[in-house]
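Chains, contacts and geometry: an overview
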Number of protein chains: 2
Amino acid sequence: MAKKDQPVVLIAGSGIGGLAAALGLASKGVKTTVLEKAAKFGEIGAGFELGPNALGALDYLGVGDAARDVGVYVSRLVLMDAVSGREIFHVPVKSDRFVERFGNPWATMHRNDLHNVMLTAARQSYLIELHTGCEVTGYDQSGAQVTAKTAAGDEFTGAALVAADGMWSNVRRQMIGDELNALGHTAYRALIPSDHIPAGLDWLRDTTTLWAGPKCHVITYPLSGTRLINLVLVSTDKRYAPPGPVAGAPISNEEVYARFDHTHPRVKGIFTLAPEFKLWAIGDRDPAPKWVDGRVALLGDAAHPMMQYVAQGACQALEDAVCLAHAFETWSGDIDRAFSEYEKRRTVRTARVQILSRAVGEHIYHPCGPHADVRDAILSRMSIEEFYDRMIWLWGGNGINSQAA
Amino acid sequence: MAKKDQPVVLIAGSGIGGLAAALGLASKGVKTTVLEKAAKFGEIGAGFELGPNALGALDYLGVGDAARDVGVYVSRLVLMDAVSGREIFHVPVKSDRFVERFGNPWATMHRNDLHNVMLTAARQSYLIELHTGCEVTGYDQSGAQVTAKTAAGDEFTGAALVAADGMWSNVRRQMIGDELNALGHTAYRALIPSDHIPAGLDWLRDTTTLWAGPKCHVITYPLSGTRLINLVLVSTDKRYAPPGPVAGAPISNEEVYARFDHTHPRVKGIFTLAPEFKLWAIGDRDPAPKWVDGRVALLGDAAHPMMQYVAQGACQALEDAVCLAHAFETWSGDIDRAFSEYEKRRTVRTARVQILSRAVGEHIYHPCGPHADVRDAILSRMSIEEFYDRMIWLWGGNGINSQAA
């Protein structure tokens with residue numbers, strides 16, 4: 001366990017990825033100092049889905065049981081045609097067979113619920129020091145020492161820096177300097193209180209349902225003990241893309257309705273239940289060949305910002321944290337080798353997830369005409385077991401035992 | 001067989017697709033008039049590869065044995081890294097197991113050789129009338145009669161028109177009016193006489209070898225009894241894309257060498273064997289939902305112009321012809337139903353091939369950095385049998401028994 005004068009690892013960001021890194025390193029006896037830019041701890045956004053690999057990773061990080069308590073476990077993932085209103089495909093995701101293949105069921109969660117679980121665990125660890133109001137704006141390093149500089153002019157020094165500072169990572173900007181890809185995709189998010197749901201739509205509480213349409217999709221899943229239905233509408237129509245980065249901007253219901261007016265009445269019957277919407281511009285970055293610069297490593301969205309179309313953003317951040325902790329254990333005392341191992345094991349796998357996320361958007365969620373017919377023909381022939389076979393590389397691990405790609 | 005006053009089907013174009021349509025319809029006793037725009041019959045371009053589905057289709061069309069006589073049968077398809085010079089993956093394509101799975105071996109042919117086989121067969125059929133110097137520029141139709149209008153001002157009237165007039169189809173322009181996608185990909189084609197090949201490169205005679213590199217690939221395969229090696233270099237670097245359509249324009253060897261200067265010395269050792277190069281701009285079109293307008297149907301590149309990256313352009317044209325002939329047999333005397341069946345069976349399948357061709361270029365032939373690492377990781381895990389499993393939908397039929405997608 002922790003030794004006197006033991007080196008400290010700095011962590012930029014206290015989102016899911018940053019806390020996961022802190023918990024993982026703490027489980028190996030490594031001290032961390034977590035630097036959060038916001039004035040208080042918390043998560044932005046409402047719900048997310050966690051593939052079975054995420055629950056495996058949360059187990060490794062020591063918070064699996066507490067996380068399971070805040071999850072909702074839907075029976076099926078359902079793919080519907082947003083124009084015809086017909087089902088295209090579905091897969092069971094809490095069946096015995098699913099759990100046998102992937103080790104865990106599919107879960108949906110409120111981001112705040114999972115974040116609270118992780119924050120509570122972090123606060124209980126004497127190895128984790130948590131600071132708010134510390135935006136890491138850059139770093140200096142020299143040999144075995146890294147200094148993280150904050151917007152307020154403070155400096156924190158440690159043996160390494162793990163940058164879990166998200167999609168707009170300052171550390172990545174310094175390390176790699178690449179641009180976010182503005183893809184022209186926009187998301188309209190809302191929460192529907194379950195008591196607003198008419199009787200015929202009870203299945204909203206028990207499925208993740210995705211309505212795929214030309215240049216759009218609509219997805220729903222339950223949150224918070226099914227008291228809420230998370231609703232995300234996505235448009236890839238570039239006419240609607242805001243010119244710059246937008247996260248959580250208000251938008252009128254009428255404007256949202258107009259942008260999804262080409263969907264089936266069944267779809268409209270769902271999204272018109274939402275009290276209000278907020279708008280996000282969706283972006284990603286190209287896979288980066290390197291995430292490590294000396295004693296500085298990227299993690300989570302800072303390392304592999306991806307579109308949400310395979311619901312793996314948080315899952316891959318959790319796997320990163322598991323892999324990093326495992327590498328610290330394996331190469332105890334040798335941070336350089338641990339970082340090198342972490343980078344080697346994670347870059348190819350997460351690049352594949354980034355590429356897959358785009359491809360799923362292009363070929364499954366948003367095609368139209370003959371392209372959509374191709375999707376339907378392929379899925380109509382695919383058995384549940386074949387679908388599971390195709391997902392085993394992605395869902396069948398926890399970050400240590402995961403396939404490289 | 002042919003009856004007096006039997007209706008004639010007009011065919012625009014006497015390339016592989018047009019002759020295949022004529023031979024297929026003749027085998028069902030249907031008279032055709034083939035209208036070729038060029039002053040004499042022949043094929044443009046040098047070699048092509050024929051997947052096993054093509055030989056199955058040629059059998060159906062009655063020219064399988066003659067076509068086999070002009071084929072070369074390579075042992076393996078080999079994927080190499082154009083930068084490192086190392087092998088990424090290979091598959092046997094004339095093994096017993098390959099033939100057991102797909103019914104035929106992989107073949108490579110000189111276009112003229114296959115065209116001659118088909119032209120000879122067409123000339124021997126009293127049901128096929130062949131005209132040169134007749135460029136079909138458009139059509140009129142009324143009920144059960146179609147008039148094809150030619151550039152010279154002639155008119156040909158028949159019961160139907162099958163437009164096999166290629167990538168720049170005039171008939172498609174009238175029927176659909178879509179634009180060719182200028183993708184910024186350029187191809188540099190050459191023929192290497194085999195007696196120029198040094199001893200260490202003997203494998204050029206017995207493989208299709210593709211060198212995949214960042215924004216480029218280089219492919220070789222033998223032709224004409226291995227007396228020639230067909231060489232195609234492709235660049236996706238948009239700086240090299242000509243502003244308009246280009247087919248067979250001269251380009252200096254030095255310019256080609258400069259564009260592929262980032263490849264491994266092993267690759268350079270091959271392409272510098274070519275006496276001279278010609279330049280093509282590569283394009284495709286988006287899959288079309290409809291190919292039939294009354295008594296007019298598209299076929300081959302006119303129907304589904306695709307990039308050559310899965311070597312299926314000619315193969316799908318042959319499948320089209322088989323499917324069309326089969327539909328004429330099934331719905332004897334009912335051209336409308338035959339066309340409808342043809343369209344229904346072919347649009348989704350060929351849309352998938354068009355989409356696959358792009359995806360293979362993007363994810364297998366031209367990726368770089370982590371994207372290429374993902375490709376390598378996936379292929380390093382893939383068994384030969386798994387590869388065959390993935391190709392069975394594409395290679396495992398002849399146009400009648402092929403999967404819709």
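What you are looking at is a predicted structure, and each value in this text was computed from that prediction instead of being measured.

So, the overall build of chain A
From N to C terminus, chain A includes 12 helices and 19 strands. In summary, chain A has a C-alpha radius of gyration of 21 Å against a globular reference of 22 Å for 405 residues, a match within 12%. Dimensions of chain A, computed from C-alpha atoms along their principal axes, come out at roughly 65 × 45 × 40 Å. By residue count, 57% of the 405 residues in chain A fall in the buried class. A fraction of 74% describes how many contacts in chain A between residues 6 or more apart in sequence connect residues 24 or more apart. Carbon and sulfur atoms provide 51% of the accessible area of chain A, an area that totals close to 15,800 Å². Side-chain charges in chain A split into 40 positive and 45 negative, and the spacing between the mean points of these groups amounts to 1 Å.

Focus: the interface of chain B and chain A
Contact with chain B, which involves 17 residues of that partner, is made by 17 residues of chain A. Taken together, the two surfaces of chain B and chain A that pack against each other cover about 1,500 Å², and 74% of this comes from carbon and sulfur. Among the residues chain B hides against chain A, the three largest losses belong to B:Ile355, B:Pro370 and B:Val374. Together they make up 31% of the total. The interface formed by chain B and chain A holds zero salt bridges in total. Connecting chain B to chain A are zero residue pairs in polar contact (both at pLDDT 80 or more). Among the elements of the structure, α10 (335-365) and α11 (369-381) of chain B are those that each provide at least two residues to the side of chain B that touches chain A. Among the elements that line the side of chain B that touches chain A, the one with the most residues is α11(B), at seven residues.

Focus: the relation of the copies chain B and chain A
Between the two copies of the chain lies a rotation about an axis combined with a shift along it. By a simple turn and slide, chain B fits onto chain A: the slide is 0.0 Å along the axis, the RMSD is 0.0 Å, and the turn is 180°. As the rotation angle and translation indicate, the two copies are arranged about a two-fold axis. Proximity to the rotation axis, assessed at the C-alpha, singles out B:Ala359 in chain B; its C-alpha lies 4.7 Å from the axis. When the interface residues of chain B are mapped onto chain A, 100% of them are again interface residues, pointing to one common binding face.

Observations concerning the confidence of the model for chain A
The share of residues in chain A with pLDDT of 70 or more is 99%, and the mean pLDDT across the chain is 95. Our summary of model confidence lists the complex with pTM equal to 0.94 and ipTM equal to 0.93.

Here's the deal with the domain arrangement of chain A
Residues and elements named next belong to chain A. Split into domains, chain A comes out as domain 1 (9-73 + 105-179 + 287-365) and domain 2 (185-282). Taken together, the 17 residues of domain 1 in the interface contact 24 residues of domain 2. Between domain 1 and domain 2 the total buried area reaches about 1,500 Å² when both faces are included, carbon and sulfur atoms providing 62% of it. At the surface where domain 1 touches domain 2, the tally comes to five residue pairs in polar contact (both at pLDDT 80 or more). For the side of domain 1 that touches domain 2, the secondary structure elements donating two or more residues are β3 (47-50), β6 (107-110) and α10 (335-365). Of the residues that constitute the side of domain 1 that touches domain 2, the class distribution is 11 nonpolar, four polar and two charged.

The rules behind the values
Residues numbered from 1 in each chain as written. Chains lettered and ligands numbered in written order. Predicted model: local features only at pLDDT ≥ 70, side-chain atom pairs only at ≥ 80, totals over all residues. Heavy atoms only, no water. Helix = DSSP H or I, 4+ residues; strand = E, 2+ residues; numbered from the N terminus. Rg over C-alpha atoms; globule rule 2.2 N^0.38 Å. Buried < 20%, exposed > 50% of the residue type's maximum accessible area, 1.4 Å probe, protein only. Contact = heavy atoms within 4.5 Å. Areas by Shrake-Rupley, 256 points an atom, 1.4 Å probe, with all protein chains shown as cover. Lys, Arg positive; Asp, Glu negative; His and termini not counted. Charge placed at Lys NZ, Arg CZ, Asp CG, Glu CD. Buried area = accessible area lost by both parts, 1.4 Å probe. Salt bridge = Lys/Arg side-chain N within 4 Å of Asp/Glu carboxyl O. Polar contact = N/O pair within 3.5 Å; in protein donor to acceptor, adjacent residues only side chain to side chain. Least-squares fit on C-alpha atoms with pLDDT ≥ 70 in both. pLDDT = per-residue confidence, 0-100. Domains from an automatic or database assignment. Nonpolar A, V, L, I, M, F, W, Y, C, P; charged D, E, K, R; others polar.

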